[in-house]
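# Structural features, examined
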Amino acid sequence: MEYGISNEDKRILREVAEKHKEFASQERNTVLKEKWYRHNALQGEIPMVVLESWGFNNEVIIPRLKCTGDFARKVEFDLYQDFVGQELFEDDRVTPDCFEMNYDTEFKLYGLDMKKEFATGKEEEDCAGISVRFLPVIEDLEDDLEKIGASVFSVDLDSSRKKLEAVTEAIGDILPVRRKMDCLYSVPTQMLIHLMGMENMMLNIAQYPELFKKIMDRAADDTLAYYDLLEEKGVILPTTEYESVGQGTFAFNRELPGPEILKERKLTRRDVWGYMDSQETLSISPKMFEEIIFPCYEKIGSQFGLLSYGCCEPVDKVWDSCISKFKNLRKVSISPWCDEEFMGERLRGSNVIYHRKPAATFLGISGKELDEEAFRAYIRKSLHAARGCKMEITQRDIYTIDRNIEKARRYIQIIREEIEDHWK
């Protein structure tokens, strides 16, 4: 991809950057930042609330894009992504006072390329749908063991520099453009399912438990070697402000080293926030998870400064035996399939935030009006379950709002009303 930006695309980006700056300069962002700092430090008074738009960005961002160049269009998209929550939904996302860009890095487990197909039959780059299946690269683990090679990982400093320079030249006098690193994101079972498919992965775990455990251990070692490279290249950056921590939450904290430390030394993985989940293994027994999967996760996750854990899996099943062992755990996902009351009991008075992910069925079902009373009862149940905990609510996995911005805004408003009436 070329990183040049045409004069017309530059004009468009500057208009969007001005809008970004206007939202960032509002007083609500200063107030919200401090709320996030207090919340992540376990000192917050009420739950934080976020609506992730990534699943329905084709309704709220894509139609607004005007740039024609591929690189410029991606920058335009990212600019809108920064302030769409504030502009449209009035959730607790903070619009950054700058435009942040990640380094270009790659991690390819075992050096293997995933293969996938979409329900539409189209290629990935042309496919607007979300129905996809992964075609097995590894089928029978014992027969295909020779396919498992060294993982491939790299940092492209040259392309990263060119991108930063191009964006700085285009909008840097309006918005400061700076380098960032979101949390260190490690999901070994997701990478494995991309190489095996769900059915094959389950069969291989059952047929070759010891062999599967060995390739999990190799995945952990390769991941840590990748982090070694990031440390050596100096591209591990602070996770103390706007940075994403995965699953719709943010890094605002004063516990981990901030930008000032970079004047003294390079950062390591122990200085930053990490994220892990293993939703792909929800169908195996807790005992099997503990014996085969968790050693890999513990080897990686224990090395982060702070850790957020979980996606859609019911963490209550493996909380006592596994996840609770992480001493650096700060947030854990309470998914729609999780026993809310059990996790409320376990997290009450602890140093771990009850990160609730409501079911998508209230907001995300196409063609239906919001059932306010049913949704109020649903959220109220979660608030009661989490009493005595530090709580955060992130609505994820919404793939359409029927272009009804008011419905989504009302959804957030109802959560806030229920918090006002029922949070103790």
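First, a word on what this report is: a plain description of the structure on this page. Because the structure is predicted, anything quoted here is derived from the model rather than measured.

### Considering the packing of aromatic side chains
Within this structure, the stated rule accounts for 22 aromatic pairs. Judged by centre distance (5.9 Å) and plane angle (70°), the ring pair of Phe56 and Phe89 falls under edge-to-face. Taken as a pair, Phe56 in the loop between strand 1 (48-51) and helix 3 (57-60) and Phe89 in helix 4 (residues 70-89) lie far apart in primary sequence, 33 residues in all. Using a relative accessible area of 1% as the deciding quantity, one classes Phe89 as buried. On the basis of an interplanar angle of 20° and a centroid distance of 4.1 Å, the ring pair of Phe375 and Tyr411 is categorised as stacked. Placement of Phe375 in helix 11 (residues 372-385) and of Tyr411 in helix 12 (residues 405-422) is noted, with a sequence separation of 36 residues between them. The exposure class of Phe375 is buried, given its relative accessible area of 0%.

### Re the nonpolar core
With 117 residues, the main nonpolar core has Phe89, Phe212 and Ile323 as its most contacted residues. In this structure, Ile323 is in contact with Phe289, Phe294, Tyr309, Val318 and Leu329, ignoring residues within four places of it in sequence. Counting 10 residues, the second-largest nonpolar core is a separate cluster that includes Val187, Ala251, Leu256 and Leu306.

### Examining the pattern of salt bridges
A pair can form between side chains of opposite charge whenever their charged atoms are brought close. With the rule as written, the count across this model stands at 41 salt bridges. Between Lys10 and Glu169 there is a salt bridge whose closest N-O contact spans 2.8 Å. Of this pair, Lys10 sits in helix 1 (residues 7-24) while Glu169 is found in helix 5 (residues 157-171), placing the two residues 159 residues apart along the sequence. Of the charged contacts, one joins Glu100 and Arg178 as a salt bridge, the two residues approaching to 2.7 Å between their closest N and O atoms. One end of the pair, Glu100, is in strand 2 (residues 99-102); the other, Arg178, is in strand 7 (residues 177-180), and 78 residues separate them in sequence. You can call Arg178 partly exposed: its relative accessible area is 29%. A network of salt bridges, in which partner residues are shared, links Glu372, Arg376, Arg380, Arg410, Glu417 and Glu418.

### Let's talk about the sheet that holds strand 8 (residues 184-186)
Overall, parallel pairing links the 7 strands, which are arranged 1-13-12-11-10-9-8 in an open sheet. Lying at the two open borders of the sheet, with one neighbouring strand each, are strand 1 and strand 8. Strand-to-strand, the axes of this sheet are offset by a mean angle of 20°, without reference to chain direction. Direction of pairing for strand 12 (residues 353-356) relative to strand 13 (residues 391-395): parallel, over a ladder of 3 bridges. Each bridged residue has a counterpart across the sheet, and for Tyr354 the counterpart in strand 13 is Met391. Across the sheet, helix 10 (residues 340-347) touches strand 11 (329-334) and strand 12, and the angle it forms with strand 12 is around 160°.

### Observations concerning helix 10
One turn of an α-helix holds 3.6 residues; hence residues three or four places apart share an orientation. Within the sequence span of helix 10, burial applies to Glu340, Met343, Gly344 and Leu347. For helix 10, the angular spread of buried residues about the axis comes to 105°, placing them on one side. Its buried side turned inward, helix 10 meets strand 11, strand 12 and helix 11. Capping of helix 10 at its N-terminal end is provided by Asp339; its side-chain oxygen lies 3.2 Å from the backbone amide nitrogen of Glu341. Residue Gly349 follows helix 10 closely and has a positive phi angle near 75°.

### Looking at the state of the cysteines
In a disulfide, the sulfur atoms of two cysteines are held together by a covalent bond. Following the criterion strictly, the structure yields 0 disulfides and no others. Unpaired in this structure, Cys67 has its nearest cysteine sulfur neighbour in Cys98, at a distance of 19 Å. Residue Cys67 is classed as buried on the basis of its relative accessible area, which comes to 2%.

### Topic: the side chain of Glu280
Tracing the sequence through the fold places Glu280 in the loop between strand 9 (273-276) and helix 9 (286-301). The charged side chain of Glu280 is buried without a salt bridge, its nearest counter-charge being Arg396 at 10 Å. There is a polar contact of 2.8 Å between the side chain of Glu280 and the side chain of Thr189. Of the polar contacts made by the side chain of Glu280, one reaches the backbone nitrogen of Gln190; its length is 3.4 Å.

The rules we used
- Residues numbered from 1 in each chain as written.
- Predicted model: local features only at pLDDT ≥ 70, side-chain atom pairs only at ≥ 80, totals over all residues.
- Heavy atoms only, no water.
- Phe/Tyr/Trp six-rings, centres within 6.5 Å; stacked < 30°, edge-to-face > 60°.
- Helix = DSSP H or I, 4+ residues; strand = E, 2+ residues; numbered from the N terminus.
- Buried < 20%, exposed > 50% of the residue type's maximum accessible area, 1.4 Å probe, protein only.
- Core = buried A, V, L, I, M, F, W, Y, C linked by side-chain atoms within 4.5 Å.
- Contact = heavy atoms within 4.5 Å.
- Salt bridge = Lys/Arg side-chain N within 4 Å of Asp/Glu carboxyl O.
- Pairing = 2+ DSSP bridges.
- Axes fitted to C-alpha atoms, helices over the stretch in contact; angles between N-to-C directions.
- Arc of directions from axis to C-beta.
- Polar contact = N/O pair within 3.5 Å; in protein donor to acceptor, adjacent residues only side chain to side chain.
- Disulfide = S-S within 2.5 Å.
- Lys, Arg positive; Asp, Glu negative; His and termini not counted.

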